[in-house]
Amino acid sequence: MKSNKSILAGIGVAIILIALIVVKLVSNKKTVEEKIYIPEVDAPVLVEVVNPSWYTFEDEFSYLGVFDPFRQNIIGSEGSGRVVSININEGDFIGSGSLIASLDDELIKLQIENLEVSIEGQENDDARYSTLANQNAVPAIQAEKTKLAIKAAKIQMKQLQKQLKSSQIRAPFAGTITKKLIDLGSVIGPGSPVAEITDITKLKLTVNIPERDIQKFKLNQSINVTSDNLEETLNGKIINIAVQADKSHNFKVQILINNSKKSLRAGMYGLAVIKSETSITSLSIPRKAIVGSLKNPQVYVVRNGKAMLVSCAIGLTEKDVIEVRSGLQIKDKIVVRGQINLKNNKNVKIAQ
């Protein structure tokens, strides 16, 4: 009996100890959770804002644009088969006609050898039938069928030789490999993408010109081009002027420049500069307020304590000032610092 009481007492003590441990663990968990910092999702982002202002552009007009590659192409395979060798890596500069990759061509070569034997036999038959036909020993039609069979076999040979050539994938022009889209051992078919090649030895500066200024631009016209990444001014030539304006009444103009030193890269900003005898006063904002691409320029406007992403049409640029042709008003509060932490409809706090 005494023994049973001792056992029960021991069990009771153990239960109490377990309960105390559980309580302590729960308490520790709450303490840790209280110390963990959980950022407030709706906390306002601190931003700096300015109002659009009137600015007079004079002496020379500059139009902001983006440099595009002179040529860029996804190279596709003409043949089909397993990739047995790759001669490129991303970043490599290759010349026109350089070998990019090779496909397994063993079966095609065997077919060509077999056809060569067949043609040789048919030509021998042709020689014999021609002799016999001249002696009226065999019908002339037999000799004619042999000649036609030889022509058909030679056509088939040309097809196989083209397939053999297609197993060697080569660069259509000189450029830099910007994407490698296959691996050793890949099985590909006609049209399968193999690599992307980009030629920046020349660049095309694409600018959007307002309707009021488009008459200043002519095909083959020489025009100065500058960039924040260059200390010198380059001479460009207008190669294309759009015949139709976009919704903002801007016309796309492309200017070709020489970039043989590769001092510029595709995607950089550039300026097309022309002299002017008149001045233009327009609503403007700091250039750093623009977010997104120049093809679809946008700014954050603070309205009712929230950052609203607003599209706008831009035009002239001078130093760090850019013209706004539509989409904004002078009373708008434009975000010029803090955009990296913003998204549309985000709560903001304006720095004083």
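Right above here is the structure, for reference.
Quick caveat: nothing in here was measured; it's all calculated off a predicted structure. (Residues numbered from 1 in each chain as written. Predicted model: local features only at pLDDT ≥ 70, side-chain atom pairs only at ≥ 80, totals over all residues. Heavy atoms only, no water.)

J.: Would you mind going over the overall build of the protein with me for this structure?
T.: The helix and strand tally for the protein stands at three helices and 21 strands. Evaluated residue by residue, the protein yields a buried proportion of 36% over its 352 residues. Of the contacts formed within the protein by residues at least 6 apart in sequence, a portion of 75% connects residues at least 24 apart. A total accessible area of about 21900 Å² is found for the protein, and carbon and sulfur atoms account for 53% of it. (Helix = DSSP H or I, 4+ residues; strand = E, 2+ residues; numbered from the N terminus. Buried < 20%, exposed > 50% of the residue type's maximum accessible area, 1.4 Å probe, protein only. Contact = heavy atoms within 4.5 Å. Areas by Shrake-Rupley, 256 points an atom, 1.4 Å probe, with all protein chains shown as cover.)

J.: Any chance you could explain the sheet that holds strand 9 (residues 187–188) here in plain terms?
T.: Strand pairing in a sheet relies on backbone hydrogen bonds, with the paired strands running either antiparallel or parallel. The strand order across the open sheet built from four strands is 7-6-4-9, with neighbouring strands paired in antiparallel fashion. Edge strands, defined here as strands with exactly one partner in the open sheet, are strand 7 (168–170) and strand 9. Here two bridges tie strand 4 (residues 81–86) to strand 9, and the two strands are oriented antiparallel to one another. What sits directly across from arginine 82, in strand 9, is valine 187. (Pairing = 2+ DSSP bridges.)

J.: How should the pairing of strand 12 (residues 234–241) be read in this particular structure?
T.: Walk down a regular strand and you will see the side chains alternate between the two sheet faces. Of the strand pairs in this sheet, strand 11 (residues 222–226) and strand 12 are connected by four bridges, and their pairing is antiparallel. Bridge assignment links isoleucine 223 to a residue of strand 12, and that residue is glycine 236. Taken together, the four bridges between strand 12 and strand 13 (residues 250–258) define a ladder with antiparallel strand orientation. Pairing of lysine 237 across the sheet is with leucine 256, part of strand 13.

J.: Would you explain the nonpolar core in this entry?
T.: Side chains of nonpolar character tend, in soluble globular proteins, to be buried together. In terms of nonpolar packing, the biggest core is built from 27 residues, with Tyr63, Val207, Phe217, Val253, Ile255 and Ile257 touching the most fellow members. Of all the secondary structure elements, the ones that give two or more residues to this core are strand 3 (60–76), strand 10 (193–210), strand 11, strand 12, strand 13 and strand 14 (269–275). Counting residues per element, this core draws most heavily on strand 10, which supplies five residues. (Core = buried A, V, L, I, M, F, W, Y, C linked by side-chain atoms within 4.5 Å.)

J.: Whenever I open this one, unusual backbone geometry confuses me. Can you help?
T.: It is generally the case that most residues other than glycine have a negative phi and that most peptide bonds are trans. The phi dihedral of asparagine 220 is positive, around 70°, even though this residue is not glycine. Structurally, asparagine 220 can be placed in the loop between strand 10 and strand 11. A residue is classified by how much of its surface remains accessible, and asparagine 220, at 55% relative accessible area, is exposed. Look at asparagine 345: it is not a glycine, yet its phi comes out positive at around 75°. Asparagine 345 sits in the partly exposed class, given a relative accessible area of 42%.

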